[in-house]
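Listed here are the chains, written in short residue letters.
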Amino acid sequence: MTQQSTIPVFKLYGEQLGWPTPELLHCESIHQRSSLYEWHIRVHQHAEMVQLLYLHKGQAEIEIEGERKVVKEASIQVVPSLCVHGFRFSPGTQGYVLSLSLPLLSQFDAQFGRQLGVLNQPHCVSVTHSRSHIRTLFSTLLEEYQQDNDARELMLHAMLSALLVWLNRQCQGALPAEGRAERRRAVMQQFARHIESHYREHLPMSDYAQAVGLSVTHLNYLCHEFHNCSALNVLHQRLMLEAKRSLQYTSMSIIQLSDYLGFSDATYFSRFFRRYAGMPPKIFREKMK
């Protein structure tokens, strides 16, 4: 696989749309997406999510940050946010891909009482001795994800918790030392977590830069490198994500939503939303319905 000069940034490979469900995770089989692209997912990256690729049966050629390896045994490949990656599968390969948004992972960090470092570095974890257990977790996650059962989100989060605990236990003390690229990604992940905690407060960008130990100029440089936009734009994208989700999945009025997101008045919020979405929030809500 050859790395392109410009790395595409996707929510999900081949798509430009936002999250299809309110709980900010996505689960699908390897076959579901890869068969559409002749089993070849070209190099790309995700700015706002971590992926867990579970290879159950078959073969995968995995490229992570320019390094390639062939995986034939049952494994989970961790793909951190902002990590350039691509896959080439042998036809008929069986497995699953679980995509987890950074806002969702912040909730799990809070439950664990610490950051889940296992999701910050790319590594491949063998599941040979837990193959049946891991396949059951992924297959049940997919089945629950595709249904609209009572307490669906609670069930999804319970199974995801079990998976993350298992993964974290396998990797304790076994993660490689961070290189320069990993340290830069770690700063961006720290920036994302700080945004997650404060995006509704409309803090000056200097506060975010100070929180991650950088100047505003250096923070902007890294944001252009990883996100292809300024640090302020990354913050505004998080506000827009919450605004769109709230318009689609809640009954909050525009005034209530404006207040919830920390805007001084609804008119300012509507102008902000229109600038990024190309339409007023009311029209967006009608289109989503």
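Below or above, wherever it landed, is the structure these notes cover.

Analysis parameters
Residues numbered from 1 in each chain as written. Predicted model: local features only at pLDDT ≥ 70, side-chain atom pairs only at ≥ 80, totals over all residues. Heavy atoms only, no water. Axes fitted to C-alpha atoms, helices over the stretch in contact; angles between N-to-C directions. Helix = DSSP H or I, 4+ residues; strand = E, 2+ residues; numbered from the N terminus. Parallel < 35°, antiparallel > 145°, perpendicular 65-115°, else oblique. Contact = heavy atoms within 4.5 Å. Pairing = 2+ DSSP bridges. Buried < 20%, exposed > 50% of the residue type's maximum accessible area, 1.4 Å probe, protein only. Expected span 1.5 Å × (residues − 1). Arc of directions from axis to C-beta. Polar contact = N/O pair within 3.5 Å; in protein donor to acceptor, adjacent residues only side chain to side chain. Left-handed = near helix turned anticlockwise from the far one by under 90°. Nonpolar A, V, L, I, M, F, W, Y, C, P; charged D, E, K, R; others polar. Disulfide = S-S within 2.5 Å. 1 Å grid on protein atoms, 1.4 Å probe; cavity = no way out; pocket = protein on both sides within 12 Å on 5 of 7 lines; lining within 4 Å. Points joined across faces, edges and corners; volume = space filled by probe spheres on them. Core = buried A, V, L, I, M, F, W, Y, C linked by side-chain atoms within 4.5 Å.

### A few points about the packing of helix H8 (residues 231-249) against helix H10 (residues 266-277)
The N-to-C vectors of H8 and H10 enclose an angle of 100 degrees; their axes lie 11 Å apart at closest approach. Between H8 and H10, the angle falls in the class roughly perpendicular. Touching Asn233, His236, Leu239, Met240, Ala243, Lys244 and Leu247 of H8 are Phe269, Phe272, Phe273, Arg275, Tyr276 and Ala277, all from H10.

### Some remarks on the sheet that holds strand S6 (residues 75-79)
Pairing in this open sheet of five strands is antiparallel, and the strands run S1-S8-S3-S6-S9 from one edge to the other. Two strands bound the open sheet, and with one partner strand each, they are strand S1 (25-29) and strand S9 (123-126). In this sheet, neighbouring strand axes are inclined to one another by 15 degrees on average, regardless of whether the strands run parallel or antiparallel. Across five bridges, the pairing between strand S3 (residues 49-57) and S6 is antiparallel. Across the sheet, the residue bridging to Leu52 is Val78, located in S6.

### Some points on unusual backbone geometry
Unlike most non-glycine residues, Glu38 shows phi in positive territory, near 55 degrees. Within the secondary structure layout, Glu38 lies in the loop between helix H1 (30-34) and strand S2 (40-44). The class of Glu38 is exposed, set by a relative accessible area of 72%. The backbone phi angle of Asn228 is positive, close to 60 degrees, even though this residue is not glycine. One can find Asn228 in the loop between helix H7 (216-227) and H8. Here Asn228 falls in the exposed class, since its relative accessible area comes to 53%.

### A few points about the sheet that holds strand S7 (residues 85-89)
In space, the four strands of this open sheet follow the order S2-S7-S4-S5, with antiparallel pairing throughout. Each edge of the open sheet is held by one strand with a lone partner, namely S2 and strand S5 (67-71). Neighbour-to-neighbour, the strand axes of this sheet turn through a mean angle of 15 degrees, independent of strand direction. With five bridges joining them, strand S4 (residues 60-64) and S7 adopt antiparallel strand pairing. Of the residues in S7, the one forming a bridge with Ile64 is His85.

### Let's talk about H10
Relative to the 16 Å expected for twelve residues at 1.5 Å per residue, H10 spans 16 Å between its end C-alpha atoms, a close match to the ideal helical length. All of the buried residues along H10 are Phe269, Phe272 and Phe273. For H10, the buried positions fall inside an angular range of 95 degrees around the axis, keeping them on one side. Exposed and oriented more than 90 degrees from the buried face of H10 are Thr267, Arg271, Arg274 and Arg275. Between a side-chain oxygen at the N-terminus of H10 and the backbone nitrogen of Thr267 the separation is 3.0 Å; the capping residue is Asp265. Just downstream of H10, Gly278 is the residue with a positive phi angle, here 80 degrees.

### So, the packing of H8 against helix H11 (residues 281-288)
Packing of H8 against H11 leaves a shortest axis separation of 9 Å and a crossing angle of 55 degrees. Here H8 is positioned oblique relative to H11, judged by the angle of their axes. For the pair H8 and H11, the sense of crossing is right-handed. Residues Lys244, Ser246, Leu247 and Gln248 of H8 touch H11, and the partners they reach there are Pro281, Phe284, Arg285 and Met288. Taken together, the residues that form the contact of H8 with H11 break down as four nonpolar, two polar and two charged.

### Thoughts on the state of the cysteines
For the structure on display, the rule yields zero disulfides. Lacking any disulfide linkage, Cys223 is separated from the closest cysteine sulfur, that of Cys229, by 6.5 Å.

### Looking at empty space enclosed by the protein
Counting across every chain of the model gives three cavities of 30 Å³ or more. Taken as a whole, the largest cavity encloses approximately 210 Å³ of empty space. The wall of the largest cavity is formed by 15 residues, among which Glu48, Leu102, Ala192, Val234 and Arg238 lie closest to the centre. Secondary-structure elements contributing two or more residues to the lining of the largest cavity are helix H2 (102-112), helix H5 (180-198) and H8. Broken down by element, the lining of the largest cavity gets its largest block of residues, five residues, from H5.

### Remarks on the nonpolar core
Of all hydrophobic cores here, the largest spans 37 residues; its most connected members are Leu52, Ile76, Leu98, Leu119, Ile134, Leu163 and Leu167. Of all the secondary structure elements, the ones that give two or more residues to this core are S1, S3, S6, strand S8 (94-101), H2, helix H3 (131-146) and helix H4 (152-171). The element contributing the most residues to this core is H4, with eight residues. Excluding anything up to four places from it in sequence, Leu163 contacts Leu52, Ile76, Leu98, Ile134, Leu137, Phe138 and Leu141. Grouped together as the second largest cluster of nonpolar side chains are 32 residues, Met188, Tyr199, Leu214 and Met279 included.

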